[in-house]
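# Observations on the three-dimensional arrangement
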Amino acid sequence: MNSRARVLLALNHKEPDRVPFDLGGTVVSGIHVRAYRALRAYLGLPQVEPKLVDIFQLIVQVDDDVLDRLGVDVKNVAPRSSGTYRIEIKDMGDYTYFYDEFKIGWRMPKVGGLYYDMFDHPLAGPITEADVDRFPWPDPLDPSRFTGLWEKARSVAEKEQRAVVVGSMSAGVLEIAAWTRGFADYFADLAGNERLIGYIMDKVLEQKLAYWGKIFDLLGDYVDVAQEADDFAGQDRMLISPDTYRRLIKPRHKVLFDFIHSRSKAKVLFHSCGSVRPIIPDLIEIGVDALNPVQVSARGMDSAELKREYGKDLAFWGGGVDTQRILCSGSPQEVREEVKRRVQDLMPGGGFVFNTVHNIQANVPPENIMAMWEALQEYGVYH
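The structure contained in this document is the topic of the report that follows.

What counts and how
- Residues numbered from 1 in each chain as written.
- Predicted model: local features only at pLDDT ≥ 70, side-chain atom pairs only at ≥ 80, totals over all residues.
- Heavy atoms only, no water.
- Helix = DSSP H or I, 4+ residues; strand = E, 2+ residues; numbered from the N terminus.
- Rg over C-alpha atoms; globule rule 2.2 N^0.38 Å.
- Areas by Shrake-Rupley, 256 points an atom, 1.4 Å probe, with all protein chains shown as cover.
- Lys, Arg positive; Asp, Glu negative; His and termini not counted.
- Charge placed at Lys NZ, Arg CZ, Asp CG, Glu CD.
- Buried < 20%, exposed > 50% of the residue type's maximum accessible area, 1.4 Å probe, protein only.
- Arc of directions from axis to C-beta.
- Contact = heavy atoms within 4.5 Å.
- Expected span 1.5 Å × (residues − 1).
- Pairing = 2+ DSSP bridges.
- Patch = residues over 30% accessible without salt bridge, like charges linked within 9 Å, V, L, I, M, F, W, Y side chains within 5 Å.
- Salt bridge = Lys/Arg side-chain N within 4 Å of Asp/Glu carboxyl O.
- Axes fitted to C-alpha atoms, helices over the stretch in contact; angles between N-to-C directions.
- Core = buried A, V, L, I, M, F, W, Y, C linked by side-chain atoms within 4.5 Å.

This part takes up the overall build of the protein. Looking only at helices and strands, the protein has 14 helices and 13 strands in total. Its C-alpha atoms give the protein a radius of gyration of 20 Å, near enough to 21 Å, the size a compact globule of 383 residues would have. Dimensions of the protein along its principal axes, counting C-alpha atoms only, are 60 × 45 × 40 Å. When the accessible surface of the protein is split by element, carbon and sulfur atoms take 50% of a total near 15,300 Å². Distance from the positive charge centre (46 side chains) to the negative charge centre (55 side chains) of the protein: 2 Å.

Okay, structure coming up:
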């Protein structure tokens with residue numbers, strides 16, 4: 001069975017020969033550049049200069065020799081704009097910084113920095129809808145986003161026979177609203193100016209619809225998985241109320257997911273960290289096919305309970321190992337035991353693509369990555 005068939009069977013809630021494995025298939029299921037260099041050295045592979053596909057998180061493009069060595073079943077042919085936008089990194093004393101295509105400022109400490117944090121929000125402060133209209137929004141149809149994508153998707157699907165994942169042009173409709181406004185104004189808008197925050201989200205939604213339309217015109221049925229995201233939950237609860245989600249964000253998500261399904265056979269892979277359990281039925285209702293990262297350490301996100309309650313309608317892409325404690329600081333044996341538990345919870349009946357809970361961070365030792373992989377080979381086989 002080839003990788004593409006394996007992933008599609010799993011996403012259609014059927015049992016393939018083994019649980020599909022993702023490493024680097026999205027910018028939220030990848031690996032930090034520091035951990036990647038250590039992994040290559042551990043595997044005895046030649047050192048290369050990794051290509052960043054997400055500069056904010058310092059997430060790399062996983063090279064083909066690693067994909068082949070580990071039997072990775074998916075490949076991303078279009079990471080979001082941080083992989084293509086012409087970013088210029090500048091000096092700021094103790095930091096390096098840049099502005100992205102949404103004019104958001106990001107900086108990272110020169111000493112000990114592991115990723116970039118936002119520090120400047122272009123729509124912060126008192127603004128009107130007219131200010132939103134005047135804002136220089138990125139061009140979703142910028143040709144640089146699509147250069148070489150058809151050839152790459154065809155190669156991944158037909159030659160490599162891996163599942164083709166396409167990422168969105170940006171973070172989510174709610175996230176971009178938060179990032180352009182700044183979190184203080186964003187939360188104030190949610191509480192007292194829903195019209196304005198909705199207006200901003202609609203601008204982002206328009207961009208996404210244009211982008212996805214071009215993707216499907218260009219790539220057609222080569223797109224197996226369309227990945228979108230919006231983070232609105234924390235460790236023990238949602239950061240917005242379920243009612244706020246249902247009133248303001250869910251209708252916009254539905255438009256987006258309906259569009260993807262109407263234009264393609266692609267599965268919608270939706271990323272939202274944290275304790276999202278209160279709105280999982282809503283996500284299923286509006287067309288989410290697979291949930292990532294399945295943060296098993298968050299409140300209400302026990303893997304066995306999620307599989308039992310939602311496994312017939314929702315696939316789980318992630319949740320394979322706790323990354324907050326076990327993967328980064330546990331022993332290889334603890335990693336193996338954790339993987340065994342999560343795989344046995346999530347694999348029955350299909351509907352499971354193995355990945356860590358979010359990206360593999362900089363401090364994860366290669367011994368633990370390989371203990372994770374070895375445990376998956378042992379326990380992730382269907383009879």
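Our next topic: helix 11 (residues 303-310). Looking at helix 11, one finds that the buried residues are Ser303, Leu306, Lys307 and Tyr310. Relative to the axis of helix 11, the buried residues are bounded by an arc of 100° and lie together on one face. Taken together, the buried residues of helix 11 touch helix 10 (280-285), strand 12 (315-317) and helix 13 (332-346).

Before going further, it helps to spend a moment on helix 14 (residues 366-379). Across its 14 residues, helix 14 extends 20 Å between first and last C-alpha, which sits within 8% of the 20 Å expected from 1.5 Å per residue. The set of residues buried in helix 14 consists of Pro366, Asn368, Ile369, Met370, Ala371, Met372, Trp373, Ala375 and Leu376.

A separate point is the pairing of strand 8 (residues 163-167). With five of its five residues buried, strand 8 lies for the most part within the structure. The alternating pattern of strand 8 places Ala163, Val165 and Gly167 and Val164 and Val166 on opposite faces, both of which are buried. Note that strand 3 (residues 74-78) and strand 8 share four bridges and pair parallel. Its bridge partner being in strand 8, Lys75 is matched across the sheet by Val164. Here strand 8 pairs with strand 9 (residues 225-229) via three bridges, running parallel. When the sheet's bridge partners are listed, Val166 is paired in strand 9 with Ala226.

With that out of the way, let us pick up the sheet that holds strand 10 (residues 267-271). Spatial ordering of the open sheet is given by 3-8-9-10-11-12-13, a layout of seven strands whose pairing is parallel. A strand with exactly one partner marks an edge of an open sheet, and here the two such strands are strand 3 and strand 13 (352-353). Sheet analysis places strand 10 next to strand 11 (residues 290-292), joined by three bridges and oriented parallel. Bridge pairing links Phe270 to Leu291 in strand 11.

Here the focus is a nonpolar patch on the surface. A contiguous nonpolar surface patch, about 280 Å² in accessible area, is contributed by Phe183, Phe187 and Leu239. In this structure, Leu239 sits in the loop between strand 9 and helix 9 (242-263).

Below, the discussion takes up the sheet that holds strand 6 (residues 105-109). Strand order in the open sheet made by the four strands is 4-5-6-7, with antiparallel pairing throughout. Single-partner strands in this sheet number two, and they are strand 4 (90-92) and strand 7 (117-120). Strand after strand, the sheet turns through a mean of 40° between neighbouring axes, direction not considered. As judged from the three bridges shared by strand 4 and strand 5 (residues 95-99), these two strands associate in the antiparallel manner. Considered in strand 5, the bridge of Lys90 is made with Tyr97.

For the rest of this paragraph, the subject is the nonpolar core. Formed by 113 residues in total, the largest nonpolar core has its most connected members in Ile31, Val166 and Ile215. Ranked by residues supplied to this core, first place goes to helix 8 (residues 194-219) with eleven residues. Setting aside anything within four residues of it in sequence, one finds Val166 in contact with Asn76, Val77, Ala78, Tyr211, Trp212, Ile215, Leu219, Val223, Val225, Ala226 and Gln227. Val7, Val165, Leu269 and Val353 belong to the second largest nonpolar core, which has eleven residues in total.

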